[in-house]
Amino acid sequence: MDAALALIGEDLKNVELQFKKDLESNVPLIRKVGEYVLSSGGKRIRPALLLLAARLCDYRGGRSVPLASVIEFIHTATLLHDDVVDSANLRRGIASANSLWGNEASVLVGDFLFSKSFSLMVADGDLNILRVLSAATTRIAEGEVLQLVCTSDLEMTEERYIEVVECKTAILLAAACQSGAILGKVSPEREAALADFGMKLGIAFQLMDDTLDYVAKEEAFGKSIGHDLEEGKLTLPLIHALRHCAPDERDRIGEVIVKDSLEDEDFDDVFALVHTYGGIDYTVRRAGNYVAAAKECLAGFPPSPAREALFSLADYVVNRER
């Protein structure tokens, strides 16, 4: 990860400075909550993707850093809202904003970040980038609602789950890559290839997140282990186990995911079934397949440090521990 980002290290530092500038507000709580979340150790994968995609497309102007900041603002807004919806207490290994300042403040600061993102996009003045990022935020909202509709649904298919992942997670990575391509004024084919790279990488990223919810140590993962299960969310490891388990085991999973509060025994039973039926291994393989397909998307670009950095970033996704 560090090697991949070394190429854009100075730009990433400038993105951090841009955050502080873009958080300016006459309301102190906005800056307080915004700075807390933005400085809480995020990996900056989405801004990095925009910066690397722009560099891959030979863009060297001054618009990439402000737009990379916009991408992280959008992502941070979704995190603030997600943690309220999920009643999360941890985010990136520290107390979530909603647990410190309450749900109301988290939702409203998230709204500010969304609004500020659009004013910054308008200031940039590129209608194509505005179109891509506004479409992405719409799909993110659709993904959140779709996930809500699918809560505790034992009939959830892998295809439907990938649809949720595309909307909720992958679309913003795709939009980051596509925005970098637009800055570089490349052909429509190359722009589409970079968007496809980001989409496949985003799916792989979320699939690995799914596995970490079952196998990571909480202090390393940075959020509560088993929280997806407690919220009734069926992710791919569990979907795979449901496809292969016995009827009585399926009934046991059904009992657990509709409970308001889970006991240690509930977690243990479901975790054991996920491992017994190879849900973790299957999901890791699927994530690896998506990463391989993502790399294929960049075959039309000549070898360069930026392309190698994007490949390294893709490899990080399937090897990370948090």
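Presented here is a report on the structure given in the accompanying data block. Because the structure is predicted, anything quoted here is derived from the model rather than measured.

### Some details on the packing of helix H4 (residues 45-56) against helix H17 (residues 305-319)
Interaxial distance between H4 and H17 falls to 9 Å at its minimum, and their mutual angle equals 155°. As the angle between them shows, H4 and H17 are arranged roughly antiparallel. By crossing handedness, the relation of H4 to H17 is classed as left-handed. Contacts between H4 and H17 pair Ile45, Leu49, Leu52, Arg55 and Leu56 from the former with Ala306, Arg307, Ala309, Leu310, Leu313 and Tyr316 from the latter. Among the residues making up the contact of H4 with H17, the classes are represented as nine nonpolar, no polar and two charged.

### What about the layout of surface pockets?
Of the pockets and cavities examined, the largest pocket occupies roughly 300 Å³. Along the walls of the largest pocket sit 16 residues, with Asp82, Val85, Asp86, Glu144 and Gln147 positioned nearest its centre. Those elements that place two or more of their residues in the lining of the largest pocket are helix H5 (64-85) and helix H8 (127-149). Among the elements that make up the lining of the largest pocket, the one with the highest residue count is H8 (seven residues). Grouping the amino acids of the lining of the largest pocket by side-chain chemistry returns six nonpolar, five polar and five charged.

Rules used throughout
- Residues numbered from 1 in each chain as written.
- Predicted model: local features only at pLDDT ≥ 70, side-chain atom pairs only at ≥ 80, totals over all residues.
- Heavy atoms only, no water.
- Axes fitted to C-alpha atoms, helices over the stretch in contact; angles between N-to-C directions.
- Helix = DSSP H or I, 4+ residues; strand = E, 2+ residues; numbered from the N terminus.
- Parallel < 35°, antiparallel > 145°, perpendicular 65-115°, else oblique.
- Left-handed = near helix turned anticlockwise from the far one by under 90°.
- Contact = heavy atoms within 4.5 Å.
- Nonpolar A, V, L, I, M, F, W, Y, C, P; charged D, E, K, R; others polar.
- 1 Å grid on protein atoms, 1.4 Å probe; cavity = no way out; pocket = protein on both sides within 12 Å on 5 of 7 lines; lining within 4 Å.
- Points joined across faces, edges and corners; volume = space filled by probe spheres on them.

On their own, these measurements won't tell you what the molecule is for.
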